[in-house]
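Chain by chain, the residues run as shown.
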Amino acid sequence: MVASKYSIDEENKSIWVYLEHEAGIFENVSLELLGKGRELANQLGWSLTGLLLGREVFELAKSAFTYGADEVWLADHPLLEYFTIDAYAPLAYQALIQGKPGVFLLGATPNGRDLAGSLAVRLRTGLNADCTGLKLSMPDGVLVSEVSGFGGGILALIEMRTHRPQMATVRPGVFAPLEPDYRRQGRIVHIPIDLSPGFIQTRIIERVIGKGVDLTHNPVIVAGGRGMEGNFQILQELAGLLGGEIGATRPPVDDGFIDRERQIGQTGVVCSPKLALCCGISGAFHFLVGIEKATTVIAINSDPEAPIFEASDYCVIGDISQILPHLIETIRETQKDSQALKI
Ligand SMILES: Cc1cc2nc3c(=O)[nH]c(=O)nc-3n(C[C@H](O)[C@H](O)[C@H](O)COP(=O)(O)OP(=O)(O)OC[C@H]3O[C@@H](n4cnc5c(N)ncnc54)[C@H](O)[C@@H]3O)c2cc1C
């Protein structure tokens, strides 16, 4: 087995989190990882460090302290304004080799995944990708990453005992950020930067920021499955009345009835709504991992044996084409009555 670039004996007792940002705002997943990183660091008696690369990001570094970081390693340079693997990977590598953290966490976002893969190869270490949970195996303090995998109903618990850093990318929405504590302060470490334009092979021709929805933090999700037979309009109406967003299982996404960004589950997003209303969904494991953090699950399905009912708080057995119009009408009437009462 190839040895990692630094060993367990050389590791520093610190957890590092890659701080991803866009337009001066941290990606939620970075704050979520600071929250989880703080919890793990406290358990181990280690420190928590944010790794921040960008342009004019000094103020962001300070805000990382309020969300739990003890220290931020910072590279601030005009050529770091936008993420390019050519500039970000060598700088992050240089910082990691110097800081030698025991654990390094990144969000499983497109850029986080890109950077994580490149760094794992450079560091000759392993990478637990797309994790849906992190914990420590005590008393030795090894990181245990939860990954649902091998295309089926297993949850793999993966430990990295010999290589450092223990790297993992984590799905957005899995953890909660800490409440910001504005009294917290920390130390900034400046990473030496040796960059020139010729170094960057990537040419950015146009940047298009998707207007996409973020289902991870929506309080109400109205999700539809194959049983909806493509009728997502009625779910949109229902979601509108409940102040929520629509989501879906994989089949309607594959059939082109709804955008892929709305797919919930193992290969979609993990949500933690207060209410998940599941319509015409059988309840496959791959879908259920996406709603297991929901406070209340209501399922409507014509099959009384559907597995979704085992994961639901309220079970409605019946045909959605008959139940949904009544439900919408009832909610409308109730909302009208409560408006009238207010007047
Ligand atoms: C590697 C891998 C990754 C995957 N990732 C995901 C993922 O991220 N998300 C995901 O969702 N799936 C994923 N899948 C697919 C997953 O295994 C299931 O096939 C999928 O979740 C089933 O979707 P469904 O419940 O909509 O469809 P079905 O299993 O076909 O269920 C449809 C349900 O609708 C009910 N129904 C039909 N008509 C009506 C009606 N008129 N009224 C009421 N109920 C009705 C039926 O009784 C049935 O229970 C993945 C699969 C693999 C192999």
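Notes on the structure in this doc start here.

Scoring rules and cut-offs
Residues numbered from 1 in each chain as written. Predicted model: local features only at pLDDT ≥ 70, side-chain atom pairs only at ≥ 80, totals over all residues. Heavy atoms only, no water. Pairing = 2+ DSSP bridges. Helix = DSSP H or I, 4+ residues; strand = E, 2+ residues; numbered from the N terminus. Axes fitted to C-alpha atoms, helices over the stretch in contact; angles between N-to-C directions. Contact = heavy atoms within 4.5 Å. Near = heavy atom within 4 Å. Polar contact = N/O pair within 3.5 Å; in protein donor to acceptor, adjacent residues only side chain to side chain. Areas by Shrake-Rupley, 256 points an atom, 1.4 Å probe, with all protein chains shown as cover.

Now for the sheet that holds strand E1 (residues 12-18). As summarised here, the arrangement of the 7 strands in space is E7-E11-E6-E1-E4-E5-E12, forming an open sheet in which the pairing is parallel. Either end of the sheet is taken by a strand with one partner, and the two such strands are strand E7 (127-131) and strand E12 (187-190). Sheet twist, expressed as the mean angle between neighbouring strand axes with direction ignored, is 20 degrees. Two strands pair when backbone bridges link them, and E1 and strand E6 (residues 101-107) are joined in this way by 4 bridges, in the parallel orientation. Bridge pairing links Ile15 to Val103 in E6. Each of strand E4 (47-54), strand E5 (71-76) and E12 is contacted by helix H2 (residues 58-66), which is oriented at about 165 degrees to E5, the strand it contacts most. Along the sheet face, helix H3 (residues 85-99) touches E1, E4, E5 and E6 and points at about 155 degrees away from the line of E4.

What follows deals with the sheet that holds strand E15 (residues 275-279). The strand order across the open sheet built from 5 strands is E14-E13-E15-E16-E17, with neighbouring strands paired in parallel fashion. Each of the sheet's edge strands pairs with one partner strand only, and the pair in question is strand E14 (245-248) and strand E17 (314-317). Across the sheet, the mean angle separating the axes of adjacent strands is 20 degrees when strand polarity is ignored. By the bridge criterion, 4 bridges tie strand E16 (residues 296-301) to E17 in an arrangement that is parallel. Each bridged residue has a counterpart across the sheet, and for Ala299 the counterpart in E17 is Cys315. Against the sheet, helix H5 (residues 233-242) makes contact with strand E13 (220-224), E14 and E15, and its axis sits at roughly 170 degrees relative to E13, the strand it touches most.

A word on the site of the ligand. Of all residues adjacent to the ligand, which total 25 residues, the nearest are Arg226, Thr249, Thr267, Ser282 and His286. At 3.4 Å from an oxygen atom of the ligand is found a main-chain nitrogen or oxygen belonging to Gly268. Here the ligand, which alone exposes 980 Å², has 76% of that area covered by the protein. Elements that contribute at least two residues to the shell around the ligand include exactly helix H6 (250-254) and helix H7 (285-288).

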